[in-house]
Amino acid sequence: MSEIIVLDTHIWFWLISEDWNRFPASWREEIESAERVGVSPISCYEIVLAQEKGRLELPCAADEWFREALEPSGICLFPLLPEVSCKAVSLSPVHKDPFDRLIIATALVYEARLASVDSLFPLYPEIGDRLLCSQS
């Protein structure tokens with residue numbers, strides 16, 4: 001079954017860093033066999049912000065990291081469509097993090113599965129079975 005997968009920011013970073021033990025082993029195969037794998041532009045912002053705040057260390061400048069962590073790695077950047085913004089605002093009020101809400105909305109608008117280990121994501125009823133489960 002071909003599918004689309006949206007990676008949450010931390011999953012994207014771990015995948016590029018080949019930090020396989022940070023997420024379920026079965027996800028690697030699912031991600032590698034997906035028809036399309038991508039991230040929200042919001043994830044680029046989160047990466048730079050985390051680096052700026054000292055919570056994340058990139059092996060090179062952020063713009064260089066992005067050049068390698070996107071197309072050459074087979075990961076696309078999903079456009080931040082107006083529908084994504086509308087969906088993010090209309091999500092259930094689980095929490096107020098606009099970045100997470102936009103990432104969730106990206107998966108919903110693109111009818112994709114969402115790879116995340118964020119403990120709040122399963123609380124969004126809108127996600128339903130789109131969330132890759134830790135037990136997979």
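Residue positions are given per chain, counting from 1 as you read along its sequence in written order. Residues qualify for local features only when their pLDDT is at least 70, as the model is predicted, and side-chain atom pairs are given and counted only at 80 or more; totals for whole chains, interfaces and linings, by contrast, use all residues. Working from all heavy atoms in the structure, the side-chain values ignore hydrogens and water.

Student: What's the story with the overall build of the protein in this structure? I'm lost.
Tutor: Put simply, DSSP marks the helices as runs of H or I at least four residues long and the strands as runs of E at least two long, and each gets a number from the N terminus on. Across its full length, the protein carries six helices and four strands. Along its sequence from the N terminus, the protein presents helices and strands in the succession β-α-α-β-α-α-β-α-α-β. Here the protein has a C-alpha radius of gyration of 14 Å; the compact-globule value for 136 residues is 14 Å, and the two agree. The dimensions of the protein, computed from C-alpha atoms along their principal axes, are 40 × 30 × 25 Å. Each residue is assigned to one of three classes by its accessible area relative to the maximum for its type, calculated with a 1.4 Å probe on protein chains only: buried under 20%, partly exposed between the two thresholds, exposed over 50%. The buried share of the protein, taken over its 136 residues, is 45%. The criterion used for residue contact is that any of the two residues' heavy atoms lie within 4.5 Å. When contacts within the protein are restricted to residue pairs at least 6 apart in sequence, those whose partners lie at least 24 apart make up 65%. Using the Shrake-Rupley algorithm and a 1.4 Å probe, accessible areas are obtained, with residue cover drawn only from the displayed protein chains. Of the roughly 7,400 Å² that the protein leaves accessible, carbon and sulfur atoms contribute 53%. For a compact globule the rule gives 2.2 Å times the number of residues to the power 0.38, and the radius of gyration it is set against comes from C-alpha atoms.

Student: I'm lost on the layout of surface pockets in this one. Help?
Tutor: In this approach, a probe sized like a water molecule rolls over the atoms, and the result shows the empty space that is left. In this model, the largest pocket occupies a volume close to 290 Å³. The definitions used throughout rest on a 1 Å grid laid over the protein atoms alone, on which a cavity is an enclosed set of points accommodating a 1.4 Å probe that cannot get out and a pocket is an open set flanked by protein within 12 Å on both sides along at least five of seven lines; lining residues are those having an atom within 4 Å of a point. What lines the largest pocket is a set of 13 residues, among which Thr9, His10, Glu46, Ala50 and Arg55 lie closest to the centre. Of all the secondary structure elements, the ones that give two or more residues to the lining of the largest pocket are α1 (9-16) and α3 (41-52). By residue class, the composition of the lining of the largest pocket is five nonpolar, two polar and six charged. In this structure, the second largest pocket occupies an estimated 230 Å³ of space. Along its surface, the second largest pocket is lined by 14 residues, and Leu15, Ile16, Ser73, Gly74 and Ile75 are the ones closest to its centre. Grid points are joined across faces, edges and corners, and a volume is the space filled by probe spheres set on the points. For this classification, the nonpolar set comprises Ala, Val, Leu, Ile, Met, Phe, Trp, Tyr, Cys and Pro, the charged set comprises Asp, Glu, Lys and Arg, and every other residue, Gly included, is treated as polar.

Student: How should the nonpolar core be read in this particular structure?
Tutor: One recurring pattern in soluble globular proteins: nonpolar side chains tend to sit buried together. Formed by 26 residues in total, the largest nonpolar core has its most connected members in Leu7 and Trp12. Of all the secondary structure elements, the ones that give two or more residues to this core are β1 (4-7), α1, α2 (25-33), β2 (36-39), α3 and α4 (62-69). Take this core: its biggest share by element is five residues, from α1. Once residues within four sequence positions are removed from consideration, leucine 7 is found in contact with Trp12, Leu15, Ile31, Val37, Gly38, Val39, Ser43, Ile75 and Ala115. Nonpolar core, defined: a set of buried Ala, Val, Leu, Ile, Met, Phe, Trp, Tyr and Cys residues in which side-chain atoms within 4.5 Å join the residues together. By size, the runner-up hydrophobic cluster in this structure holds 20 residues, among which are Phe78, Ile104, Ala107 and Phe121.

Student: Help me understand the packing of aromatic side chains, please; the structure alone is not making it clear to me.
Tutor: Between two aromatic rings, the relevant description is the distance of the centres plus the angle of the planes. Side-chain rings of Phe, Tyr and Trp, where Trp is taken by its six-membered ring, are said to pair if the distance between their centres is within 6.5 Å; with planes under 30 degrees apart they count as stacked, over 60 as edge-to-face, and otherwise as tilted. The tally for this structure, following the rule as stated, stands at eight aromatic pairs. Taken together, a centroid distance of 5.2 Å and an interplanar angle of 45° make the contact between tyrosine 45 and phenylalanine 99 tilted. Of the two residues, tyrosine 45 sits in helix α3 while phenylalanine 99 sits in helix α6 (residues 98-109), which places them 54 residues apart along the sequence. By the ring-pair criterion, three or more aromatic residues cluster together here, those being Trp12, Phe13, Trp65 and Phe66. Positioned above the aromatic ring of tryptophan 20 is the side chain of arginine 28, whose terminal nitrogen or guanidinium carbon lies 3.8 Å from the ring centre. Working rule: Lys NZ or Arg CZ, within 6 Å of ring centre, within 35 degrees of ring normal, means a charge sits over the ring.

Student: Is there a simple way to think about the packing of α1 against α4 in this case?
Tutor: What describes two packed helices is the angle between their axes and the distance between those same axes. Between N-to-C directions, angles cover 0 to 180 degrees, with each direction set by a line fitted to C-alpha atoms, over the stretch in contact for helices. It is at 11 Å that the axes of α1 and α4 come closest, and there the two elements cross at 80°. Here α4 runs roughly perpendicular to α1, going by the angle between their axes. Facing α1, whose interface residues are Trp12, Phe13 and Ile16, α4 presents Trp65, Phe66 and Ala69. The residue makeup of the contact of α1 with α4, split by class, is six nonpolar, no polar and no charged. By definition in this entry, angles of less than 35 degrees are roughly parallel, angles greater than 145 are roughly antiparallel, angles of 65 to 115 are roughly perpendicular, and the rest are oblique.

Student: I tried to follow the environment of cysteine 60 on my own but got confused; where do I start?
Tutor: Here cysteine 60 is to be found in the loop between α3 and α4. With relative accessibility at 21%, the residue cysteine 60 sits in the partly exposed group. Excluding its chain neighbours within four sequence positions, the residues that come into contact with cysteine 60 are Gln51 and Trp65.

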